[in-house]
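Chain by chain, the residues:
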Amino acid sequence: MESPVFSWNPLYDFQLMWSYPFMVNAFRAGAIVAVVAGAVGWFMVLRRQTFAGHTLSVVAFPGAALATLAGFSLSLGYFGFCVAAGLVLALMRRGREPGGSEESAATGVVQAFLLACGYLFMALYKGLLEGPQALLFGSFLGITTGQVATLAVAGLAVLLALAVLGRPLLFASVDPQVAAARGVPVRALSVAFLVLLGVATAEAAQITGALLVFALMVLPAATAQVLTARPGLSLLLTVILGFAVTWAGLVAAFYRPYPLGFFVTSFAFGLFLLAHAARFTARALERRRDALGAAFAGGAA
Amino acid sequence: MNPVVAAEPQHNAERRDPSSAPSSAASEASEASAADGQAEPVLSLSGAAVRVGGRTLWSGVDLEVQAGEFVAVLGPNGVGKSTLIKVLLGIMPAAEGEIRVLGRRPGEAGSRVGYLPQRRSFDPDLRIRGVDVVRMGLDGDRWGVPLPWSRDRREQQRRVYEVIELVGASAYAHRPIGQCSGGEQQRLLIAQALVRRPEVLLLDEPLDSLDLPNQSAVAALIGRICHQENVAVVMVAHDVNPILHHLDRVVYIAEGGAVCGPPSEVINSETLTRLYRTPVEVLSTQDGRLVVVGQPEAPAVHTDRHGHGHGHGHGDRRADRHAG
Ligand SMILES: Nc1ncnc2c1ncn2[C@@H]1O[C@H](COP(=O)(O)OP(=O)(O)O)[C@@H](O)[C@H]1O
Ligand SMILES: [Mg+2]
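For clarity, every value in this text was computed on a predicted model and none was experimentally measured. (Residues numbered from 1 in each chain as written. Chains lettered and ligands numbered in written order. Predicted model: local features only at pLDDT ≥ 70, side-chain atom pairs only at ≥ 80, totals over all residues. Heavy atoms only, no water.)

Draft legend 1. The arrangement of the overall build of chain B in detail. Across its full length, chain B carries 9 helices and 11 strands. Taking the intrachain contacts of chain B between residues at least 6 apart in sequence as the baseline, contacts between residues at least 24 apart amount to 64%. For chain B, the accessible area works out to roughly 14,200 Å², and carbon and sulfur atoms hold 50% of it. (Helix = DSSP H or I, 4+ residues; strand = E, 2+ residues; numbered from the N terminus. Contact = heavy atoms within 4.5 Å. Areas by Shrake-Rupley, 256 points an atom, 1.4 Å probe, with all protein chains shown as cover.)

Draft legend 2. A look at the interface of chain A and chain B. Counting residues at the interface gives 27 residues for chain A and 33 residues for chain B. On the surface where chain A and chain B come into contact, there are 2 salt bridges. With a shortest N-O distance of 2.9 Å, B:Asp123 and A:Arg48 are connected by a salt bridge. Linking chain A to chain B there are 8 residue pairs in polar contact (both at pLDDT 80 or more). Ranked by residues supplied to the side of chain A that touches chain B, first place goes to helix α7 (residues 145-174) of chain A with 8 residues. Residues that form the side of chain A that touches chain B fall into these classes: 17 nonpolar, 3 polar and 7 charged. (Salt bridge = Lys/Arg side-chain N within 4 Å of Asp/Glu carboxyl O. Polar contact = N/O pair within 3.5 Å; in protein donor to acceptor, adjacent residues only side chain to side chain. Nonpolar A, V, L, I, M, F, W, Y, C, P; charged D, E, K, R; others polar.)

Draft legend 3. Representation of unusual backbone geometry in the model. Despite not being glycine, A:Arg48 has its phi angle at roughly 55°, a positive value. Along the chain, the position of A:Arg48 falls in the loop between α2 (21-46) and α3 (50-70). According to the relative accessible area criterion, A:Arg48 is partly exposed, its value standing at 37%. Look at B:Asn230: it is not a glycine, yet its phi comes out positive at around 60°. On the secondary structure map, B:Asn230 appears in the loop between α7 (212-228) and β7 (232-236). In this structure B:Asn230 comes out as buried when scored by relative accessible area, which is 9%. (Buried < 20%, exposed > 50% of the residue type's maximum accessible area, 1.4 Å probe, protein only.)

Draft legend 4. A look at the coordination of the magnesium ion (ligand 2). All names here are of chain B. Coordination of the magnesium ion (ligand 2) by the protein comes from Ser82 (OG) and Gln118 (OE1), over a distance range of 2.0 to 2.3 Å. With serine 82 in helix α3 (residues 81-89) and glutamine 118 in the loop between β5 (113-116) and α4 (130-139), this pair connects stretches of sequence that are 36 residues apart. Neither serine 82 nor glutamine 118 differs from the other in exposure class; each is buried. (Donors = N, O, S within 2.8 Å, 3.2 Å for Na, K, Ca; no water.)

Draft legend 5. Representation of the pairing of strand β11 (residues 290-293) of chain B. Residue and element names in this part refer to chain B. When strand β10 (residues 281-284) meets β11, the two strands line up antiparallel, connected through 4 bridges. Across the sheet, leucine 283 pairs through a bridge with valine 291, a residue of β11. Between the end of β10 and the start of β11, which pair antiparallel, lie 5 residues, with glycine 288 showing a positive phi angle near 90°. (Pairing = 2+ DSSP bridges.)

Draft legend 6. Layout of the state of the cysteines. All names here are of chain A. Across all of its chains, the model carries 0 disulfides over all chains by this definition. The thiol of cysteine 117 is not disulfide-bonded; the next cysteine sulfur, from cysteine 82, is found 15 Å away. Overall, the relative accessible area of 16% leaves cysteine 117 in the buried class. (Disulfide = S-S within 2.5 Å.)

Draft legend 7. Geometry of the pairing of β7(B). All names here are of chain B. Counting buried residues along β7, 5 of its 5 residues qualify, which places the element largely inside the surrounding structure. Burial along β7 is two-sided: Ala232, Val234 and Val236 and Val233 and Met235, pointing in opposite directions, are all buried. In the sheet, strand β3 (residues 70-74) pairs with β7 via 4 bridges, with the strands oriented parallel. In the sheet register, valine 71 faces β7, and the bridge partner there is valine 234. Two strands pair when backbone bridges link them, and strand β6 (residues 200-204) and β7 are joined in this way by 5 bridges, in the parallel orientation. Within β7, the residue paired with leucine 201 across the bridge is valine 233. In this region the chain leaves β6, passes through α7 and returns to the parallel neighbour β7; the handedness of that crossover is right-handed. (Right-handed = clockwise from strand over helix to strand, strands pointing away.)

Draft legend 8. Quick peek at the nonpolar core. In this structure, A:Val174, A:Leu197, A:Met217, B:Ile190, B:Ile243, B:Tyr252 and B:Ile267 are the most contacted members of the largest nonpolar core, which totals 142 residues. With 14 residues, α2(A) is the single largest residue contributor to this core. Among the nonpolar cores identified, the runner-up in size contains 34 residues, and B:Ala67, B:Ile99, B:Val101 and B:Val234 belong to it. (Core = buried A, V, L, I, M, F, W, Y, C linked by side-chain atoms within 4.5 Å.)

Draft legend 9. Seen up close, the environment of B:Lys86. All names here are of chain B. Within the secondary structure layout, lysine 86 lies in helix α3. Among the residues examined, lysine 86 registers a relative accessible area of 19% and is labelled buried. Measuring from C-alpha to C-alpha, the distance between lysine 86 and threonine 273 comes to 27 Å, with 187 residues separating the pair along the chain.

Draft legend 10. Local environment of the environment of B:Arg104. Residue and element names in this part refer to chain B. Mapped onto the secondary structure, arginine 104 falls in the loop between β4 (96-101) and β5. Taking the C-alpha atoms as reference points, arginine 104 and proline 76, 28 residues apart in sequence, are found 30 Å from one another. Once residues lying within four places of it in the same chain are set aside, the contact partners of arginine 104 are Ile99, Ala109 and Arg112.

Draft legend 11. Examining the side chain of B:Glu205 more closely. Residue and element names in this part refer to chain B. Along the chain, glutamate 205 falls in the loop between β6 and α7. On the basis of relative accessibility, which here comes to 4%, the residue glutamate 205 falls in the buried class. At 3.5 Å, the side chain of glutamate 205 and the side chain of glutamine 118 are in polar contact.

Draft legend 12. Main features of the sheet that holds β4(B). All names here are of chain B. Reading across the sheet, the 3 strands line up as β2-β1-β4 and stay open at both edges, with antiparallel pairing between neighbours. Pairing within the sheet leaves two strands with one partner each, and these edge strands are β2 (55-65) and β4. Sheet twist, expressed as the mean angle between neighbouring strand axes with direction ignored, is 30°. With 5 bridges joining them, strand β1 (residues 43-52) and β4 adopt antiparallel strand pairing. (Axes fitted to C-alpha atoms, helices over the stretch in contact; angles between N-to-C directions.)

Draft legend 13. Structural detail: the sheet that holds β7(B). All names here are of chain B. Taken together, the 6 strands give an open sheet; going across it, the order is β5-β6-β7-β3-β8-β9, and neighbouring strands pair in mixed fashion. Both edges of this open sheet fall to β5 and β9 (258-261), since each of them pairs with a single strand only. Direction aside, neighbouring strands of the sheet carry axes that sit 15° apart on average. With respect to the sheet, α3 is in contact with β3, β5, β6, β7 and β8 (249-253), its orientation differing from that of β6 by roughly 150°. Running at roughly 135° to β3, α7 makes contact with β3, β6 and β7 of the sheet.

Laid out in structure tokens, this is it:
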């Protein structure tokens, strides 16, 4: 595709992009994925399960590669592998406190092995795909309407589940002992969450590629949690940020011949740095005001 | 063994049958309870025993706690104090004996029991405010999304702020809880345990990890809640001194059994020597503090981090985490 020229007239630019059906699908898929990955990612960051999230996203790659090789639907490869991996992780951490570190070595080994398997599947395929780049780093060119529909259905299911489980899940994440004493099924929620994480990762991997899922799962949530400590507001902010960076990334990738995953990740990372800078400045100002106030009070006394 | 409570706490007199605690007056008390259905003990254990991993931690524990009583659970590390709390919560089963919590089996009294587990310090990076943590105590276990326009919401909000005010945490309730000091976190967690107006509070070493001024302030807070709000408090303590003059009764657990009774009748050289079957000396300092000398540690391989020394100064142990 030769790069179109960005006119700086948003109305005109969007009209142009909307005239390409693949772009319409990309925007739709991006919106769905950003919302779902943001909401699930918010809980993941809060629960300190980013390593589990990373593992699931790596699993997306052999899933998709196997689907390509064996000729079944790509969505099935993504969802099947990620959800199965979520269940395996839940099984591995059974009987342990959440956030335990012992499983990380074993998980890491399995992760590396699965990544290698994915690469093998790609090598065996030797077909039309030029290589694993699209699966690892994301592509938005070939998203079909059917794929968008699948993303929407799976995403809606995840959001519904989160709406039902959200409050006890938050309780169990922040304060598992008291939650358990209050009758919250902490262990069952932890399994359910890993399954939701699997679905969300499978969705995000289809847009950003397996290796850059963190751009949508972690960065918006981490950014929002830097900016506010109110749970509801921070969740909302996560979803908005995720949506914004995805669409901005799509626009950028439409006009510039660089990968989508790069743009989305860079934008999200930029916002993350900005949020930290903002908080740092706010704190410094506050300290300065306190110091001034103390000095003033001291002078008056 | 259940010595008669010497100084009957006065707060009981106004709401309850005046002869509430002593088991020597049992017949009278049970008649009264039949009459008004009120003086039934909030907690009762009789002949209770607990086993973990095939080992009996303690057995033959008899205890009755009335509303508004402040009871401390004492004993060396690894002896099963936390386990006692977990049994009362219904998280762990008792191997023997009859246990009643608010007249029901453990775990069935729901929100009428407030719980504060042993040492939780929140991750400093946790970006959740204290007020949200308190709020979780109120409705954190409900499924589904709260409707923002529902009528209960304002009432719940009011209750959350009321209980934060009660524990004196208003100044920092809006800060992320990970950034609050140990004492501030502990107050917020007490507020969380209190928010549903429980009739029983089960507190597992709430003073652990606090400095001395904070220990006595939080102890006074718990004593006030216990006596003013008529909440029965069962508190596991590593050091009895900060709570000594708020206490109605103590339960001293040793390997095997336990003794219950007023502090002065239990924490003395004779009783503890009998309990541990080895010479134990209780010294009283000039300012009224008690120091227990010669008390054996439990033989277990404890996962608990504080190694030795009961009743000595508390160093800064915030960094280590509780494993169990
Ligand atoms: N789930 C468990 N399985 C096996 N042993 C346990 C379990 N929970 C606690 N223990 C053991 O029971 C003993 C008592 O533990 P605990 O009640 O935490 O002691 P305390 O609170 O008095 O320090 C310890 O030796 C501990 O190792
Ligand atoms: Mg303990």
